[in-house]
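# Close look at the chain arrangement
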Amino acid sequence: MNAPPRYELFVLEDGEKPVEVIEDTKIPNAATIKIVKQDHTLGNMLRAQLLATPHVLFAGYKVPHPLHPYFQIKIQTDGTITPQDALEQAAAKLIGTISDLESKFKREFTFKGNEADGTGAADDPYGTGAGWSGTRDYMDF
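Figured I'd write up the structure that's included with this text. (Residues numbered from 1 in each chain as written. Predicted model: local features only at pLDDT ≥ 70, side-chain atom pairs only at ≥ 80, totals over all residues. Heavy atoms only, no water.)

### Describing the sheet that holds strand 4 (residues 70-77)
Spatially, 1-2-4-3 is the arrangement adopted by the 4 strands of the open sheet, whose pairing is antiparallel. For this open sheet the edge positions go to strand 1 (19-23) and strand 3 (56-62), each flanked by a neighbour on one side alone. Between one strand and the next, the sheet's axes are offset by a mean angle of 20 degrees, whatever the strand orientation. Relative to the sheet, helix 1 (residues 40-51) contacts strand 2 (30-36), strand 3 and strand 4, its axis offset from that of strand 3 by approximately 170 degrees. (Pairing = 2+ DSSP bridges. Helix = DSSP H or I, 4+ residues; strand = E, 2+ residues; numbered from the N terminus. Axes fitted to C-alpha atoms, helices over the stretch in contact; angles between N-to-C directions. Contact = heavy atoms within 4.5 Å.)

### Some words on the pairing of strand 2
Of all 7 residues in strand 2, 6 are buried, a share of seventy percent or more. Of the strand pairs in this sheet, strand 1 and strand 2 are connected by 5 bridges, and their pairing is antiparallel. Within strand 2, the position partnered with Val21 by the bridge is Ile33. Turn length for the strand 1-strand 2 hairpin, with the two strands adjacent in sequence and antiparallel, is 6 residues, and the turn residue Asn29 shows positive phi of about 55 degrees. (Buried < 20%, exposed > 50% of the residue type's maximum accessible area, 1.4 Å probe, protein only.)

### Some words on the side chain of Asp24
Note that Asp24 resides in the loop between strand 1 and strand 2. Engagement of the side chain of Asp24 in a polar contact is seen with the backbone nitrogen of Ile27, the distance being 3.5 Å. Apart from residues no more than four positions distant in its own chain, Asp24 is found in contact with Ala30, Ala31 and Lys74. (Polar contact = N/O pair within 3.5 Å; in protein donor to acceptor, adjacent residues only side chain to side chain.)

### Quick word on the pairing of strand 4
Of the strand pairs in this sheet, strand 2 and strand 4 are connected by 7 bridges, and their pairing is antiparallel. Looking at strand 4, one finds that Ile35 is bridged to Phe71. Relative to strand 4, strand 3 runs antiparallel, the two sharing 6 bridges. Looking at the pairing, Ala59 lines up with Ile75 of strand 4.

### Structural notes on unusual backbone geometry
We note that Asn29 has phi near 55 degrees; this positive angle belongs to a residue other than glycine. Along the chain, Asn29 turns up in the loop between strand 1 and strand 2. Of the residues examined, Asn29 reaches a relative accessible area of 38% and is grouped as partly exposed. Even without being a glycine, Lys37 presents a positive backbone phi close to 60 degrees.

The following block contains the structure:
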């Protein structure tokens, strides 16, 4: 089997750095940043958050090979901030967004538990309160 053991996909080895910055010598205010033990999930979220930043001119990522657990993200800024600072700001905003999503999810989940007061909302797995009639299923619109 060619696939490495699963733990190698997310556990850092002794002395392995999680982030490596490579300054670009041909493009001004640009850098390629290698982030190890991560995949498309984090790469795409960081890219999208970087592109929402007004000082970032370009942000793109690639996973060189599916069996190697790292991705490279290329960032070019307008010069007011460094690519490393842009990545740090994007990561901080992303953490805030995910924390906000988590708190909203937990709040809605606890509200759903309080609605189970005998009106039939607890019996409906889709949360509509009325249920589906006849032969319809959840795919019917």
